[in-house]
Amino acid sequence: MFGKEVVKRGLDYMKKPVIKREYVRTALYPGFENLYQGRTVLITGGTRGIGLATAGKFLSAGAEVIITGRTKQGLDNAVRALNSDRLHAIKWDITDIPAQKEKIDQVFDSFGRVDVLVNNAGANRLPSGESAKQWDEVSEAEWNFILDTNLKAMYFIVNSAYEFH
Ligand SMILES: NC(=O)c1ccc[n+]([C@@H]2O[C@H](COP(=O)([O-])OP(=O)(O)OC[C@H]3O[C@@H](n4cnc5c(N)ncnc54)[C@H](OP(=O)(O)O)[C@@H]3O)[C@@H](O)[C@H]2O)c1
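The model shown is predicted, which means the values in this text are computed figures rather than measured ones.

Asks: Can you help me understand the nonpolar core in this one?
Replies: The nonpolar side chains of a soluble globular protein tend to be buried with one another. Counting 18 residues, the largest nonpolar core has V41, I43, A55, F58, V65 and I67 as the members making the most contacts within it. Where this core is concerned, the elements lending two or more residues are β1 (40-43), α3 (49-60), β2 (64-69), α4 (72-82), β3 (87-91) and α5 (97-111). With 5 residues, the next largest nonpolar core counts W92, A121, A153 and I157 among its residues.

Next comes the structure, spelled out in structure tokens:
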């Protein structure tokens, strides 16, 4: 009975002239739109790509969402794109390890809690813009850039956030 009802709701939504995947999701999972109400979600690197899409999903599930990025312009664009008063943006370069604790403190001071931490920020390009190099052509600075962003920063963010749990 429940299964039939879910299929019927899904089909009803699909008959709509404009089908948004979000409609289908909320039709298939009744209550999804409130699933994260009262929860705080911190997403590193939410200015574009996967982080921005993830922020959108958590907003539609009712969460307060904090995104981070290195530039005001990137953050402003994301805030405009998602257009929600539950979206908050913090300018934060995650490779700045000494600033890590201060940024996490700022989040906990403002929101009191972090229920979900999405360690999304990452570098898949070298500072030069190249996406790949022969392994024996990678300089030490490039090695450090990738590992500082993709590994070291995540470790220290989790470390700082863990203090509050
Ligand atoms: N796309 C894929 O196919 C794929 C596959 C496997 C893994 N991943 C991983 O998934 C994550 C997201 O991928 P994506 O494709 O969405 O990447 P993307 O489009 O390049 O976005 C990266 C995000 O990380 C932020 N970021 C980068 N360095 C940062 C730093 N030092 N401090 C703060 N924010 C920083 C960027 O913000 P600003 O530039 O505005 O600062 C941006 O919001 C990455 O960790 C990536 O390695 C992606």
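From this point, things continue past the structure.
Asks: Any chance you could explain the site of the ligand here in plain terms?
Replies: Around the ligand there are 23 residues in total, and G45, G49, R70, G74 and G122 lie nearest to it. Where the shell around the ligand is concerned, the elements lending two or more residues are α3 and β2. Element by element, the count of residues in the shell around the ligand is highest for α3, at 3 residues. Of the residues in the shell around the ligand, the class split is 5 nonpolar, 15 polar and 3 charged.

Asks: Got a minute to help me understand the sheet that holds β3 in this structure?
Replies: Within a beta sheet, neighbouring strands are joined by backbone hydrogen bonds and run either parallel or antiparallel to one another. The strand order β3-β2-β1-β4 describes an open sheet built from 4 strands, whose pairing is parallel. Of all the strands in the sheet, just β3 and β4 (116-118) have a single pairing partner and so form its edges. Neighbour-to-neighbour, the strand axes of the sheet open up by a mean angle of 20 degrees, direction not taken into account. Relative to β3, β2 is paired through 5 bridges, and the arrangement is parallel. Of the residues in β3, the one forming a bridge with I67 is A89. α3 contacts β1, β2, β3 and β4 of the sheet and is inclined by roughly 170 degrees relative to β2.

Asks: I keep staring at the environment of V79 and nothing clicks. Help me out?
Replies: One can find V79 in helix α4. Put simply, V79 and I67 are 12 residues apart on the chain and 9.1 Å apart in space, counted from C-alpha to C-alpha. Here V79 is in contact with L87 and A89, once residues within four sequence places are set aside.

Asks: What am I meant to see in the environment of E102 here?
Replies: You can see E102 is positioned in helix α5. E102 gets classed as exposed once you count the C-beta atoms within 10 Å, which come to 11. Put simply, E102 and S160 are 58 residues apart on the chain and 9.1 Å apart in space, counted from C-alpha to C-alpha.

The rules behind these values
Residues numbered from 1 in each chain as written. Predicted model: local features only at pLDDT ≥ 70, side-chain atom pairs only at ≥ 80, totals over all residues. Core = buried A, V, L, I, M, F, W, Y, C linked by C-beta atoms within 7 Å. Buried ≥ 20, exposed ≤ 12 C-beta atoms within 10 Å, placed from the backbone. Helix = DSSP H or I, 4+ residues; strand = E, 2+ residues; numbered from the N terminus. Near = placed C-beta within 6 Å. Nonpolar A, V, L, I, M, F, W, Y, C, P; charged D, E, K, R; others polar. Pairing = 2+ DSSP bridges. Axes fitted to C-alpha atoms, helices over the stretch in contact; angles between N-to-C directions. Contact = placed C-beta atoms within 7 Å.

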